[in-house]
Amino acid sequence: MADEPLVLGIETSCDETGVGIVRGTTLLADAVASSVDTHARFGGVVPEIASRAHLEAMVPTIERALKTAGISAKDLDGIAVTAGPGLAGALLVGVSAAKAYAYALNKPLYGVNHLASHICVDQLEHGPLPEPTMALLVSGGHSSLLLAPDITADVRPMGATIDDAAGEAFDKIARVLNLGFPGGPVIDRLAKEGDPTAIAFPRGLTGSRDPAYDFSFSGLKTSVARWIEAKRNAGEEVPVRDVAASFQEAVVDVLTRKAVRACKDEGVDHLMIGGGVAANSRLRALAQERCERAGIRLRVPRPGLCTDNGAMVAALGAEMVARNRPASDWELSADSSLPVTEPHVPGEAHASGEAHAHAHDHDHVHEVSKKNLYS
């Protein structure tokens, strides 16, 4: 274990400042500072507030992660950071911090993809990913089916949402029901007390002529909202628990049905589910049920690793180091629309390490400050 790469990962794509430390596939620290409570009164994430929260939380969260892992920053073999996709301002805070630490420590820098990180985090719980891996990623911003023959270099989109992502639909329906933000956890909780067959809400893009692996939850969201509105206009009480259960069932039915179909069509005998919505109890239960019937092995990280966190970024960074992928250069920037086909953002300057080492020559002021900070 001592010779496995020791990597610190920074995640700031949305409203959580995550810092994780990984040695190989072993998680040493997972520190998170969330600003979700600040956003709750606005009913959603406010980008500028998220960026400012990241600025305030960054250094304390990194220090907490290092203390938990019981290591010094100078022991690290690399710094990984989410370069995209995500909120541009929030990403920029993380990328800037990662650059600063990598430069001060004279360590390689790895800008990695947020979605690929969500897949790679499963290694921390269930061991190395099979190759290829079929992954269903469901969150507030993404609903995607991905085939990953090599998580560090080859990730192929099979399907994605064409409008609202699953997590976004949960938040919007929770808002209509006056349940607050975020909507996923509260709908999950209320649905356990409701009847998932009480209301026949539509299943988007499940017709014979529809795209096999794409998702659409906008129509479902509208249907649920209109059903609730009709009840209220008629002066009737809205059965919140039944609505929650029926809506949730419609979402997870489509997600699991398409994911299992993709596995069968591609001859992949396992399915990995990640992203914030992967913490949903009904999604996990229905996926397990359908995978068992289809002879597919299901891999789902524990709920704490499904939501955005630094551990997933560190996991992918460690894999980059282990497979000798080229590090990013100092021109690395935040890319809010970084495609999933780019698991990381390499740079020629770091490929040999020569330019990185040269960057510190004759920099007396930098060397003094580095000594003070990390000796």
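These figures come from a predicted structure and were not determined experimentally. (Residues numbered from 1 in each chain as written. Predicted model: local features only at pLDDT ≥ 70, side-chain atom pairs only at ≥ 80, totals over all residues. Heavy atoms only, no water.)

(A) Focus on the environment of Cys 291. Relative to the elements of secondary structure, Cys 291 occurs in helix H10 (residues 281-294). Of the residues examined, Cys 291 reaches a relative accessible area of 0% and is grouped as buried. Cys 291 sits 130 residues away from Thr 161 along the chain, and the two C-alpha atoms are 22 Å apart. What Cys 291 contacts, discounting residues up to four positions off in sequence, is Val 260, Leu 271, Ile 296 and Leu 298. (Helix = DSSP H or I, 4+ residues; strand = E, 2+ residues; numbered from the N terminus. Buried < 20%, exposed > 50% of the residue type's maximum accessible area, 1.4 Å probe, protein only. Contact = heavy atoms within 4.5 Å.)

(B) Quick peek at the nonpolar core. Grouped together as the largest cluster of nonpolar side chains are 50 residues, with contacts concentrated most on Leu 136, Phe 247, Leu 255, Leu 271 and Ile 273. Considering each element in turn, this core owes the most residues, 13 residues, to helix H9 (residues 240-266). Those residues in contact with Leu 271, other than ones at most four positions away along the chain, are Met 134, Ala 135, Leu 136, Ala 259, Cys 263, Cys 291, Ile 296, Arg 297, Leu 298 and Arg 299. Counting residues in each nonpolar core, the second largest holds 30 residues, with Leu 129, Ala 148, Leu 305 and Val 340 among its members. (Core = buried A, V, L, I, M, F, W, Y, C linked by side-chain atoms within 4.5 Å.)

(C) Structural view of the packing of aromatic side chains. Counted by the stated rule, this structure contains four aromatic pairs. Ring geometry for Phe 201 against Trp 227: centres 6.3 Å apart, planes inclined by 85°, an arrangement best described as edge-to-face. Placement of the pair is Phe 201 in the loop between helix H7 (183-191) and helix H8 (218-233) and Trp 227 in helix H8, with a sequence separation of 26 residues. Relative accessible area serves as the criterion here: at 26%, Trp 227 is assigned to the partly exposed category. Considering the side-chain rings of Phe 215 and Phe 217, the 6.3 Å spacing of their centres and the 10° angle between planes classify their relative orientation as stacked. For the residue pair Phe 215 and Phe 217, the accessibility class agrees, reading buried in each case. (Phe/Tyr/Trp six-rings, centres within 6.5 Å; stacked < 30°, edge-to-face > 60°.)

(D) Spotlight on H10. Look at H10: 20 Å from first C-alpha to last across 14 residues, which is about the 20 Å you get at 1.5 Å a residue. Listing the buried residues of H10 in full gives Leu 283, Leu 286, Ala 287, Arg 290 and Cys 291. Projection of H10 onto a plane perpendicular to its axis shows the buried side chains occupying an angular sector of 130°, all on one side. In H10, those exposed residues whose orientation departs by more than 90 degrees from the buried face are Glu 292 and Arg 293. Summarising the contacts, the buried residues of H10 are in contact with strand E6 (133-138), H9, strand E9 (270-274) and strand E10 (297-299). Capping the start of H10, Asn 280 holds a side-chain oxygen 3.0 Å from the backbone nitrogen of Arg 282, two or three residues further along. (Expected span 1.5 Å × (residues − 1). Arc of directions from axis to C-beta. Polar contact = N/O pair within 3.5 Å; in protein donor to acceptor, adjacent residues only side chain to side chain.)

(E) Seen up close, the environment of Ala 212. Tracing the sequence through the fold places Ala 212 in the loop between H7 and H8. For Ala 212, a relative accessible area of 25% gives the class partly exposed. As a C-alpha pair, Ala 212 and Gly 159 span 53 residues in sequence and 7.9 Å in three-dimensional space. Setting aside residues no more than four positions away along its own chain, Ala 212 makes contact with Lys 258 and Arg 261.

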